[in-house]
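Architecture at a glance
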Protein chains: 2
Amino acid sequence: MSKIIQKVKGTRDFYPQEMAQRQWLIEKLRVASEAFGYQQYDGPCLEQIDLYAAKSGEELVKEQAFVFEDRGGDPITLRPELTPTVSRMVASMQNQLTFPLRWWSFGPFWRYERPQKGRTREFFQWNIDQIGSDSVLADAELLAVAARFFREVGLTPEHVQLHVNDRELMNTELSKIGVTDAQKPEVLRLIDRLDKLPADVWDKLVLDAGLNETQLADLKTLFENKELWRNSERLVQVFQYLDDLGESAYISYDPRIIRGLDYYTGVVFEAHETEGEFRAILGGGHYADLVADVGGKPAPGVGFAMGDVVIMLVLEKYGLLPTDSIDPKTLFMTIFDEDCLPATLALLAELRQAGFKVVMSEIDRLGKQFRYADRIGVKRVLVLGPSEIEKGLVVVKDLATGDQQKVQRKDLISVLS
Amino acid sequence: MSKIIQKVKGTRDFYPQEMAQRQWLIEKLRVASEAFGYQQYDGPCLEQIDLYAAKSGEELVKEQAFVFEDRGGDPITLRPELTPTVSRMVASMQNQLTFPLRWWSFGPFWRYERPQKGRTREFFQWNIDQIGSDSVLADAELLAVAARFFREVGLTPEHVQLHVNDRELMNTELSKIGVTDAQKPEVLRLIDRLDKLPADVWDKLVLDAGLNETQLADLKTLFENKELWRNSERLVQVFQYLDDLGESAYISYDPRIIRGLDYYTGVVFEAHETEGEFRAILGGGHYADLVADVGGKPAPGVGFAMGDVVIMLVLEKYGLLPTDSIDPKTLFMTIFDEDCLPATLALLAELRQAGFKVVMSEIDRLGKQFRYADRIGVKRVLVLGPSEIEKGLVVVKDLATGDQQKVQRKDLISVLS
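The shown structure was predicted, so the numbers you read here are calculated from the model rather than taken from an experiment.

Summing up the model confidence of chain A, the mean pLDDT is 94 and the portion of residues at 70 or higher is 98%. Predicted complex metrics record ipTM = 0.96 and pTM = 0.96.

This is the structure we're talking about:
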């Protein structure tokens with residue numbers, strides 16, 4: 001036997017059980033998105049590299065994107081994120097669209113990263129944005145969507161929290177402790193990396209950025225200040241709206257949340273598992289403009305993105321992932337013998353047309369047919385032998401309990417429902 | 001304003017309306033697949049090129065696949081089809097899987113083709129296979145799945161037909177008219193191209209393949225023979241089973257169906273729009289082995305693939321595509337003024353938790369809020385002003401008829417349902 005060719009490093013196979021989990025996740029985020037009236041969209045998986053030059057951070061395009069020439073010699077990028085695509089889509093139809101847009105998407109993305117727990121090179125991402133609104137209500141709405149999603153998958157406020165901050169607040173507070181505008185970008189970047197660096201290294205980098213020891217101490221006092229949000233009228237409103245929406249249990253204020261991307265301008269947030277075991281589950285925020293740098297008229301908005309890998313690890317940790325790979329209501333239709341086949345096929349057609357999922361057996365010994373049904377995870381098995389056909393009956397057997405009952409053919413659908 | 005960056009040639013943007021159609025299509029093929037107990041799976045979009053060398057036709061890999069080196073220098077292929085991936089997946093878990101497998105998938109694929117009506121470089125494909133069964137019942141089942149799909153989307157047997165043939169039958173019939181085994185592959189390829197070449201060119205190619213004028217005439221007689229299937233015990237059975245399953249109206253015998261791929265060995269089929277305006281909607285057949293050439297133990301099966309582009313053109317032709325981009329049951333919640341906001345947000349939360357999809361308005365003049373609701377396609381609008389809040393009422397307005405009614409807050413959910 002020759003060696004089986006392996007899958008590409010950092011990609012995943014989705015056998016029915018893993019696919020059932022992915023599909024379950026999609027349905028949960030669909031419910032959360034659509035409860036707020038968001039509409040699904042999608043862009044291509046391939047984009048011109050120029051698009052990312054205009055929109056993405058340098059690291060993402062230069063170090064992580066899969067870039068190649070197509071057969072015609074044009075440079076192509078496998079999308080590493082969706083924001084540039086949605087910007088292009090909005091810009092090219094800006095006069096025909098009705099703003100604010102409420103759009104969500106779920107699809108594959110690619111980044112050339114070292115495969116490790118929580119990271120794959122091919123991953124899926126939920127993207128959701130309200131585009132064309134600058135209101136604080138929009139900020140609150142996106143946080144409420146995230147909270148609704150967590151409730152849908154069974155994650156409680158004890159499992160996960162949405163950590164919220166305001167970039168403008170931080171800007172003002174940094175000024176108050178004497179950080180200059182020139183120093184701010186580097187200081188913000190360092191705040192974003194606070195959890196990723198050893199404390200002493202971090203302190204040194206802050207001092208290298210031009211702050212003095214007093215400012216370093218002031219900066220640390222800022223991070224400890226869980227009441228800092230009261231200085232931001234915007235955050236006061238956002239938290240009030242989330243309270244009115246009944247979602248405040250999922251919301252925490254966290255002065256350390258900055259988000260790396262330069263384009264966030266107001267409210268920013270990340271969801272974290274409360275025991276701190278994983279990277280951020282999702283992250284996003286408010287931006288002053290999405291589309292001007294790809295050629296559109298400026299449009300503000302708010303949105304977030306959630307990869308599939310970390311959330312699945314969190315759900316697995318708390319035992320919240322479904323384990324069935326087949327719908328447990330699926331029926332199994334045995335084949336008694338060849339003579340019974342026409343009646344069996346007719347019954348199959350009738351049940352399927354009535355909305356049942358029914359697996360058809362093969363012509364084989366009945367015992368083997370039952371074993372197959374059991375192994376694929378089906379719970380109820382139907383038998384239609386010559387005596388049943390003659391009497392207008394069907395045998396329904398429950399594989400879990402072993403119980404079996406003879407049902408009148410005309411009552412079968414209501415008995416099974 | 002700078003020029004808007006264009007999408008990559010041969011790719012498509014899915015704005016909410018197009019996405020709603022794609023999602024509708026997925027739900028229809030999900031219903032058809034799952035009615036027969038098929039389970040969803042997926043593989044990576046990236047595969048090693050060696051996998052295609054083992055499984056795919058030469059044209060597909062050498063001329064149509066997007067191939068590139070990743071940042072580590074490994075050659076990577078954007079999947080042009082799913083069969084090699086499913087072969088690899090089955091081979092690498094062959095001892096753990098319960099056969100026959102019933103697997104279906106829907107996802108993106110890439111081929112570097114000249115973009116034209118009915119062809120894009122990035123497209124989606126439904127793949128469905130029963131793997132590990134050599135029975136004629138399995139052949140009939142896959143045809144029944146296709147028929148069920150057509151019924152689900154509203155295509156009748158007057159719109160589409162599944163054209164069925166048997167490769168072994170053709171093999172025998174070609175022998176009968178003196179075509180040698182050495183000539184057969186080329187003759188089969190020519191039969192497959194019958195519709196794509198001018199008649200005189202085709203005749204010449206057949207003669208070039210070594211057949212004489214009598215054999216050419218015999219070959220043409222074969223194609224006219226709509227009763228040829230009676231010579232194939234397998235087809236006689238398949239048609240009987242489809243009759244028992246109530247699907248024979250969608251089935252035609254067509255001696256010209258061969259399918260290009262070398263690996264089909266028995267029943268082969270294609271779905272065609274009856275007016276002949278488009279390429280095949282779907283195609284598939286029975287294969288003697290799926291996995292041996294990627295290192296597994298031989299496993300026979302039957303399956304088909306359907307791209308999204310042609311079926312959407314057919315559905316559009318017959319006016320069967322949905323045109324709503326938003327669920328017409330979606331509600332719109334106006335905001336009377338800031339004072340009413342807490343009560344409005346509480347009502348929003350209650351409705352969404354009860355399962356309603358509700359778009360929240362922005363703080364603005366009521367007239368403008370109504371116009372926005374109308375433009376995004378929402379049919380029912382709720383108003384909660386100070387007098388309604390005081391009296392425990394909500395105004396429900398139907399935008400289509402202009403009717404409005406005051407509803408007791410406690411009755412709202414049942415009135416809206």
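Attention now goes to the side chain of Asp308 of chain A. Residues and elements named next belong to chain A. Note that Asp308 resides in helix α11 (residues 308-317). A polar side-chain atom of Asp308 sits 3.0 Å from a polar atom in the side chain of Arg12. Other than its neighbours up to four places away in sequence, Asp308 contacts Arg12, Phe14, Leu25, Phe123 and Phe124.

Across the boundary between the two partners, chain B contributes 99 residues, which contact 100 residues of chain A. With both sides pooled, the region where chain B packs onto chain A buries about 8,500 Å², and carbon together with sulfur makes up 58% of that total. Ranking the residues of chain B by area buried against chain A places Ile5, Tyr15 and Arg71 of chain B at the top, with a combined share of 9%. Where chain B touches chain A, the interface holds seven salt bridges. With its nearest N and O atoms 2.8 Å apart, the salt bridge here joins Asp42 of chain A to Arg22 of chain B. The interface formed by chain B and chain A contains 36 residue pairs in polar contact (both at pLDDT 80 or more). Residues belonging to the side of chain B that touches chain A are distributed by class as follows: 51 nonpolar, 21 polar and 27 charged.

A few words on the relation of the copies chain B and chain A. For the pair chain B and chain A, the superposition axis carries a translation of 0.0 Å, the fit reaches an RMSD of 0.0 Å, and the rotation angle comes to 180°. Here the copies are linked by what is in effect a two-fold axis. For chain B, the residue whose C-alpha comes nearest the rotation axis is Phe68 of chain B, separated from it by 3.0 Å. An overlap of 100% is found between the interface residues of chain B and their copies at the interface of chain A, pointing to a shared contact surface.

Residues and elements named next belong to chain A. Alternating residues of strand β3 (residues 66-69) divide into Phe66 and Phe68, all buried, and Val67 and Glu69, none buried. With four bridges connecting them, β3 and strand β4 (residues 75-78) associate as antiparallel partners. Bridge pairing links Phe68 to Ile76 in β4.

As a further point, take the environment of Asp218 of chain B. Residues and elements named next belong to chain B. Residue placement: Asp218 occurs in helix α9 (residues 213-224). The exposure class assigned to Asp218 is partly exposed, which follows from its relative accessible area of 29%. In this structure the C-alpha to C-alpha distance between Asp218 and Gly178, which are 40 residues apart in sequence, comes to 9.8 Å.

As a further point, take the pairing of strand β7 (residues 160-166) of chain B. Residue and element names in this part refer to chain B. Extensive coverage of β7 is indicated by the burial of seven of its seven residues. Burial along β7 is two-sided: Val160, Leu162, Val164 and Asp166 facing one way and Gln161, His163 and Asn165 facing the other are all buried. Taken together, the seven bridges between β7 and strand β9 (residues 264-273) define a ladder with antiparallel strand orientation. By the bridge assignment for β9, Asn165 is matched with Val268. Bridge count for β7 against strand β8 (residues 251-253) is three bridges, and the pairing is parallel. Each residue of the ladder has a partner; that of Leu162, found in β8, is Ile251.

Glancing now at empty space enclosed by the protein. What the rule picks out here adds up to one cavity of 30 Å³ or more. Within this model, the largest cavity holds a volume of roughly 390 Å³. Lining the largest cavity we find 27 residues, and of these Ile26 and Phe106 of chain A together with Arg22, Ile26 and Phe106 of chain B sit closest to its centre. Listing elements by their share of the lining of the largest cavity, those giving two or more residues are α1 (16-35) and β5 (101-110) of chain A together with α1 (16-35) and β5 (101-110) of chain B. A per-element tally of the lining of the largest cavity places α1 of chain A first, with six residues. A breakdown of the residues in the lining of the largest cavity according to their chemical character gives twelve nonpolar, six polar and nine charged.

With that out of the way, let us pick up the environment of Leu366 of chain A. All names here are of chain A. Topologically, Leu366 is positioned in helix α13 (residues 366-375). Given the relative accessible area of 26%, Leu366 is considered partly exposed. Along the backbone, Leu366 and Phe14 are 352 residues apart, and their C-alpha atoms lie at a distance of 32 Å. Apart from the residues within four sequence positions on either side, Leu366 is in contact with Thr334, Ile335 and Phe336.

For the rest of this paragraph, the subject is the sheet that holds strand β2 (residues 46-48) of chain B. Residues and elements named next belong to chain B. An order of β2-β4-β3 is seen for the three strands of this open sheet, with the pairing classed as antiparallel. Strands at the two margins of the open sheet, each flanked by one partner only, are β2 and β3 (66-69). When the angles between neighbouring strand axes are averaged without regard to direction, this sheet yields 35°.

Attention shifts here to the sheet that holds strand β12 (residues 331-333) of chain B. All names here are of chain B. In space, the five strands of this open sheet follow the order β13-β12-β14-β15-β16, with mixed pairing throughout. Two strands close off the open sheet at either side, each with one partner strand: β13 (358-360) and β16 (404-408). The sheet shows a mean angle of 30° between the axes of neighbouring strands, taken without regard to direction. Examined bridge by bridge, β12 and strand β14 (residues 380-383) share three bridges and lie parallel to one another.

Here the focus is the packing of helix α8 (residues 199-208) of chain A against helix α9 (residues 213-224) of chain A. Residues and elements named next belong to chain A. With their axes 10 Å apart at the nearest point, α8 and α9 run at an angle of 125° to one another. By the angle between their directions, the pair α8 and α9 is classed as oblique. With respect to the hand of their crossing, α8 and α9 are arranged in right-handed fashion. Every residue of α9 that contacts α8 at Trp202, Asp203, Val206 and Leu207 is listed here: Glu213, Leu216, Leu219, Lys220 and Phe223. Looking at the contact of α8 with α9 residue by residue, the class counts come to six nonpolar, no polar and three charged.

About the cut-offs
- Residues numbered from 1 in each chain as written.
- Chains lettered and ligands numbered in written order.
- Predicted model: local features only at pLDDT ≥ 70, side-chain atom pairs only at ≥ 80, totals over all residues.
- Heavy atoms only, no water.
- pLDDT = per-residue confidence, 0-100.
- Helix = DSSP H or I, 4+ residues; strand = E, 2+ residues; numbered from the N terminus.
- Polar contact = N/O pair within 3.5 Å; in protein donor to acceptor, adjacent residues only side chain to side chain.
- Contact = heavy atoms within 4.5 Å.
- Buried area = accessible area lost by both parts, 1.4 Å probe.
- Salt bridge = Lys/Arg side-chain N within 4 Å of Asp/Glu carboxyl O.
- Nonpolar A, V, L, I, M, F, W, Y, C, P; charged D, E, K, R; others polar.
- Least-squares fit on C-alpha atoms with pLDDT ≥ 70 in both.
- Buried < 20%, exposed > 50% of the residue type's maximum accessible area, 1.4 Å probe, protein only.
- Pairing = 2+ DSSP bridges.
- 1 Å grid on protein atoms, 1.4 Å probe; cavity = no way out; pocket = protein on both sides within 12 Å on 5 of 7 lines; lining within 4 Å.
- Points joined across faces, edges and corners; volume = space filled by probe spheres on them.
- Axes fitted to C-alpha atoms, helices over the stretch in contact; angles between N-to-C directions.
- Parallel < 35°, antiparallel > 145°, perpendicular 65-115°, else oblique.
- Left-handed = near helix turned anticlockwise from the far one by under 90°.

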